[in-house]
Amino acid sequence: MNHAAAPLAYQVIPSDHARGDAQREALLAGELGFGRLFTDHMVAIHWDQARGWHDARVCAYGPLTLDPAAAVLHYGQEIFEGIKAYRHADGSIWTFRPEANGARLQRSAARLALPQLPVAEFVESLRQLVAVDHGWVPSQPESSLYLRPFMIATEAFLGVRPAQAAVYYVIASPAGAYFAKGMAPVAIWLSQDYARAARGGTGAAKCGGNYAASLLPQQEAYANGCSQVLFLDPVEGRYIEELGGMNVFLVYRDGRLVTPALSGSILEGVTRCSLLQLARDRGMQVEERKVAIDEWIDGVSSGEISEVFACGTAAVVTPIGQLKGKGFSVGDLDAPIGEVTLALRRELADIQYGRVPDRHGWMVRLR
Ligand code: COI
């Protein structure tokens, strides 16, 4: 499926309805929230079996034209990524470990039988979009331009087999905090009736179907005053996996940092992997292993677990104040945010916003 080829040449077709400077500045000065406001342009790169990747362009952001028989609409052949562009104090624009996201997109593509975009083309697609829409990278504290690369199967064919045509897009959204209350601790609902992944399924791939499967339990979470769902392993229903859109960490009173080991059904978060490194750098004892749900409940009840947090590109590092499920609740939503949670969040943000040296070479300049 891979076509070794020269780097793609982009056609840049400026939008004829791009918003002016004053309108853009006014929008960026408002409450950004997450995923509601979009920039003026997007990237599109087409793929088919005969030509491989071709027709790369930056064009006006706008509705897609799809054949109603397009495979994505019927069999869910879709994958996506999430990555941010950060404005540094000198005005330059950077992104964080894009090769890791590009490699993960390739793994997701392999699992969903979609074509693999070369990692260098993935990084170039971000650069191309930011070159045109750089004015949309916000400069408010802790804000960023959330980039959403995604790929859909576009072949018009109703037989169930890998599509022979696909399109890769990148759209961009100026973003503040993912959760409405910003950095405030969130309550998490333990899903006991539903799983998001299966043994041998697509849990480790970033595909829309995984998120669709999490929406009904998410509704259950809202109904119980929680903002996210915790999923257990799909085999024994005993070990914690992830929150559907975020990975989970537990901090022990004795200083250990523990997170579920990658099991084949957990998404390998770039933030997860970066926090593990930052914790090791601090000399913390880090454990990636199976964590039974009882260990969380008992540990928080006894005080052995002193902090719990969620992490992801969108959520960064978000404290988890409370875990609830059918007939139980542990933790205190009003307790102060833990020191380790705050320190790791601060260090990661300091690297991403260029406030401290990037000792791991994680940052890539986009402009
Ligand atoms: C991200 O953190 O980028 C995610 O993909 C999580 C969610 C917004 C889907």
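Residues numbered from 1 in each chain as written. Predicted model: local features only at pLDDT ≥ 70, side-chain atom pairs only at ≥ 80, totals over all residues. Heavy atoms only, no water.

(A) Main features of the pattern of salt bridges. Taken as a whole and assessed by the stated rule, the structure comprises 24 salt bridges. Of the charged contacts in the structure, one is a salt bridge between K326 and D193, with a shortest N-O distance of 2.6 Å. Here K326 is found in the loop between strand 15 (316–325) and strand 16 (328–331), whereas its partner D193 is found in the loop between strand 9 (186–190) and helix 5 (208–213), with 133 residues between them in sequence. With a relative accessible area of 48%, K326 lands in the partly exposed category. Overall, D193 belongs to the partly exposed group, its relative accessible area being 48%. Residue D281 pairs with R359 through a salt bridge whose shortest N-O separation is 2.7 Å. Residue D281 is found in helix 7 (residues 270–281), and its partner R359 is found in the loop between helix 9 (339–352) and strand 17 (363–365); the two are separated by 78 residues along the sequence. Relative accessible area serves as the criterion here: at 47%, R359 is assigned to the partly exposed category. Three or more residues joined by partner-sharing salt bridges are found here, namely D254, R256, E287, R289, E295 and E304. (Salt bridge = Lys/Arg side-chain N within 4 Å of Asp/Glu carboxyl O. Helix = DSSP H or I, 4+ residues; strand = E, 2+ residues; numbered from the N terminus. Buried < 20%, exposed > 50% of the residue type's maximum accessible area, 1.4 Å probe, protein only.)

(B) Highlighting the domain arrangement of the protein chain. Structurally, the protein chain comprises domain 1 (10–175) and domain 2 (186–352). Computed over C-alpha atoms, the centres of domain 1 and domain 2 are 27 Å apart. Facing the 21 residues of domain 1 at the interface are 21 residues of domain 2. For the pair domain 1 and domain 2, the two sides together bury roughly 1700 Å², of which 57% comes from carbon and sulfur. Three residues stand out in domain 1 for area buried against domain 2, namely F80, F96 and R104, and they jointly supply 33% of the buried area on that side. There are one salt bridge connecting domain 1 and domain 2. (Domains from an automatic or database assignment. Contact = heavy atoms within 4.5 Å. Buried area = accessible area lost by both parts, 1.4 Å probe.)

(C) Highlighting the packing of helix 7 against helix 9. Packing of helix 7 against helix 9 leaves a shortest axis separation of 10 Å and a crossing angle of 110°. Judged by the angle between their axes, helix 7 and helix 9 are roughly perpendicular. Contact residues: helix 7 offers T271, S274, L275, L278 and A279, while helix 9 offers L344, E347, L348 and I351. The residue makeup of the contact of helix 7 with helix 9, split by class, is six nonpolar, two polar and one charged. (Axes fitted to C-alpha atoms, helices over the stretch in contact; angles between N-to-C directions. Parallel < 35°, antiparallel > 145°, perpendicular 65-115°, else oblique. Nonpolar A, V, L, I, M, F, W, Y, C, P; charged D, E, K, R; others polar.)

(D) Local environment of unusual backbone geometry. Phi at D55 takes a positive value of approximately 55°, unusual for a residue other than glycine. Tracing the backbone through its elements, the reader meets D55 in strand 3 (residues 52–60). A relative accessible area of 32% means that D55 is categorised as partly exposed. The phi dihedral of A113 falls on the positive side, at around 55°, and the residue is not glycine.

(E) Fine view of the site of the ligand. Around the ligand, the surrounding shell consists of F34, F80, G82, Y146, R148, Y178, K206, Y211, G245, G312, T313 and A314. In this structure, K206 approaches the ligand through a side-chain N or O atom, which is 2.6 Å from an oxygen atom. Protein chains bury 90% of the 280 Å² of accessible surface belonging to the ligand in isolation. Taken atom by atom, the bulk of the ligand overlaps the largest pocket. Residue composition of the shell around the ligand, by class: six nonpolar, four polar and two charged. A domain-level breakdown of the shell around the ligand finds at least three residues from each of domain 1 (10–175) and domain 2 (186–352). (Near = heavy atom within 4 Å. Polar contact = N/O pair within 3.5 Å; in protein donor to acceptor, adjacent residues only side chain to side chain. Areas by Shrake-Rupley, 256 points an atom, 1.4 Å probe, with all protein chains shown as cover. 1 Å grid on protein atoms, 1.4 Å probe; cavity = no way out; pocket = protein on both sides within 12 Å on 5 of 7 lines; lining within 4 Å. Sits in = over half its atoms within 2 Å of the grid points.)

(F) The arrangement of the pairing of strand 5 (residues 83–87) in detail. Among the five residues in strand 5, four count as buried, and that is most of the element. As paired elements, strand 5 and strand 7 (residues 144–153) share three bridges and run antiparallel to each other. Within the sheet, the bridge partner assigned to K84 lies in strand 7 and is Y146. A loop of five residues connects strand 5 with strand 6 (residues 93–96), the two strands running antiparallel in sequence, and G91 in this loop sits at a positive phi of about 90°. (Pairing = 2+ DSSP bridges.)

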